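# An overview of the molecular structure
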Amino acid sequence: MPCDAQNQLLINNQPVTLTEAQMTQSLLQVLREDLGLVGTKEGCASGDCGACTVVAATPGQGPHSLNSCIAPAGSFIGGSVLTVEGVGQPGNPHPVQQAMIECHGAQCGFCTPGFVMSMVAGQIARNGVPCGTLTEASTEISGNLCRCTGYRPILDAALLSAPAPSDQFNWLNTVDSNQTSTDRYLNPSNQDELVDALAHFRSEDRWIIVAGATDAWLEWSQRYQDFAGVLDLSRLAQLQGIERHGQQLAVGAGTSHEALLGFFTKQYPVADIAAVLHRFGSPQVRARGTIGGNIGNASPIADWPPMLLVLDAQLVLLNSQGKTRRVALSDFYLGYRETVRAADEVITQIEFDLPDPQTFRASKISKRTEDDISSVLLACQIVLDKDGAIKTLRLAMGGVAATPVRLQQVEDALVGQPLATLHPNQIEDLCDVLDGQIQPISDVRASAQYRMAMAKSLFAAMLIEAAYPQTREDLHHV
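Residues numbered from 1 in each chain as written. Predicted model: local features only at pLDDT ≥ 70, side-chain atom pairs only at ≥ 80, totals over all residues. Heavy atoms only, no water.

### Comments concerning the nonpolar core
Core analysis: the largest hydrophobic core is formed by 39 residues, its most contacted members being F264, I295, W304 and I350. When residues in this core are grouped by element, the largest group, 5 residues, is from helix α13 (residues 304-310). Ignoring anything within four residues of it in the chain, the contact list for I350 reads L249, A250, V251, A253, I291, G292, I295, L308, A313, Q314 and L315. In terms of nonpolar packing, the next biggest core, distinct from the first, is built from 34 residues, I390, V405, V410 and I427 among them. (Core = buried A, V, L, I, M, F, W, Y, C linked by side-chain atoms within 4.5 Å. Buried < 20%, exposed > 50% of the residue type's maximum accessible area, 1.4 Å probe, protein only. Helix = DSSP H or I, 4+ residues; strand = E, 2+ residues; numbered from the N terminus. Contact = heavy atoms within 4.5 Å.)

Below, the structure is given as structure tokens:
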């Protein structure tokens, strides 16, 4: 069933036209308050609990799960949204719903729709085939929290679900993308429209730029900010994609973390980048969140910037005159949540050197192992000469200053050190060079003292791994 009207989308295969006001609300609010689809729940309003999970397909992106509490409804115009009401009906449940009943996976029931939708999304991705392993099932529901501690029956349901018809939700892939921007919701689909939108955006106060909106929309859902308007970059195909040119990578700023995880897992495996991205967020967040947003929000604890600083990343910015400029990531940050980006500019591309998988390291400390923001993240590339001394060292950290930082003074102090001949206890002494080079602060996530201790611990582990590669597996199991 095509969606061919302006500002219209399909919800459970039924056309819905959004008003301008609805476009700037969260998808969850529209579903629950305007359409009465209350099976989708609101838990945390921050994309952490998964109770609001739905499945969507948008122009340029196939079916994926997402947190509807942190997704502006306007992003889905021209696309399709599937809620728990649309996957099965009384007397004819979806195989996932039937498995949840038979395995007693419902518990209190509040989180159940989100779990169902995450598993349905997995089956859609596999053409109707259920999970085959416990690891696959755990990954599939890793963005959903059960407050009844009932994961075992939910995992059983994921494994024991019968297959769904492979063509059951083909309509998610066959929607049209006819849409018009409004005065308050600008949704350009090509670069000319983007330039025009930037000119409008520049003259307005209290506008917000979003792509995946997984971080930016917290201003709406958590801090109750009323935006004058939204500039949505999610429909711009020019901002999406990964291109390799020799040993350089050019990544569109709108490329999702999930797409980058696939690249660094399959096309160009780099174990430590893949490991960080696995922990970056839930499947719902990785499917929507973008690399450009992670850089542009200027958070000192963002995961991508330390890795990209090590890789000499360059940013391409486009302004309202249609002109572009290049800025080194090392020059992009001015202070806490401050950058050199002008009000009428957006990041369009990130270019960086491909890391050497054998010498690139990245390690993350967070309060939870999965799906949590970093307290400290270290990234480095270290090469030893034939005598075991440090030949080159590139080091960056997040969470230890007001901005992500490249620690060039530490690099200079350690180049030439005979690393491979030092005892691990002596290696730890080298970590003292961090004192005075980083200025961690205390906040709700970690104290300054804890951050300093973790920074030194990660640095020591990195040096030990470089000097004694055989210890790498042991260290990663501590």
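### Quick look at the pattern of salt bridges
Across all of its chains, the model carries 15 salt bridges by this definition. The partner of R126 in a salt bridge is E140, with the nearest N and O atoms 2.8 Å apart. Here R126, found in the loop between α4 (112-125) and α5 (134-140), pairs with E140, found in helix α5; they are 14 residues apart in sequence, far enough to count as distant. Residue E140 is classed as buried on the basis of its relative accessible area, which comes to 11%. Between R152 and D156 there is a salt bridge, with its nearest N and O atoms 3.0 Å apart. Of the two residues, R152 and D156 are both situated in helix α6 (residues 151-160); the distance of 4 residues between them amounts to about one turn of the helix. The structure contains a network of salt bridges with shared partners spanning D312, R394, R406 and E411. (Salt bridge = Lys/Arg side-chain N within 4 Å of Asp/Glu carboxyl O.)

### A closer look at the sheet that holds strand β11 (residues 314-319)
Pairing is antiparallel across the open sheet formed by 5 strands, whose spatial order is β9-β10-β15-β11-β12. Either end of the sheet is taken by a strand with one partner, and the two such strands are β9 (242-245) and β12 (324-328). Along the sheet, successive strands turn relative to each other by an average axial angle of 25°, direction set aside. (Pairing = 2+ DSSP bridges. Axes fitted to C-alpha atoms, helices over the stretch in contact; angles between N-to-C directions.)

### Description of the environment of L277
Mapped onto the elements of the fold, L277 is located in helix α10 (residues 271-278). Along the backbone, L277 and H257 are 20 residues apart, and their C-alpha atoms lie at a distance of 7.0 Å. Excluding anything up to four places from it in sequence, L277 contacts H257, L260, L261, R286 and W304.

### Looking at the packing of aromatic side chains
Here the structure, examined in full by the defined rule, presents 7 aromatic pairs. With a centroid separation of 5.9 Å and 25° between ring planes, the pair formed by W217 and W220 is classed as stacked. For W217, a relative accessible area of 0% corresponds to the buried category. Ring geometry for F332 versus Y333: centroids 5.2 Å apart, planes at 75°, classification edge-to-face. Judged on exposure class, the residue F332 and its partner Y333 are both buried. (Phe/Tyr/Trp six-rings, centres within 6.5 Å; stacked < 30°, edge-to-face > 60°.)

### Some remarks on the sheet that holds strand β17 (residues 376-384)
A sheet is described by the order of its strands in space; here 4 strands give the open sequence β16-β17-β18-β19, paired in antiparallel fashion. The open sheet terminates on both sides in strands that have one partner only, identified here as β16 (360-365) and β19 (405-406). Of the pairings in the sheet, the one linking strand β18 (residues 390-398) to β19 comprises 2 bridges and is antiparallel in character. Across the sheet, M397 pairs through a bridge with V405, a residue of β19. Contacting β16 and β17, α10 runs over the sheet at an angle of about 25° to β16. On top of the sheet, helix α16 (residues 448-467) reaches β16, β17 and β18; it is set at about 25° to β17, its chief contact.

### Considerations on the side chain of N12
Mapping N12 onto the fold places it in the loop between β1 (8-11) and β2 (14-17). You can call N12 buried: its relative accessible area is 17%. For N12, the residues in contact, after removing those within four places along its chain, are L37, V81, L82, T83, E85, G86 and W171.

### Some remarks on unusual backbone geometry
Phi is positive for N7, close to 55°, though the residue is something other than glycine. Here N7 lies in the segment before β1. The exposure class of N7 is buried, given its relative accessible area of 13%. The phi angle at A213 is positive, at roughly 70°, despite the residue not being glycine. Note on placement: A213 falls in the loop between β7 (207-210) and α8 (218-221). Note on A213: relative accessible area 6%, which makes it buried.

Honestly, that's just the spatial picture; any functional story needs more than this.
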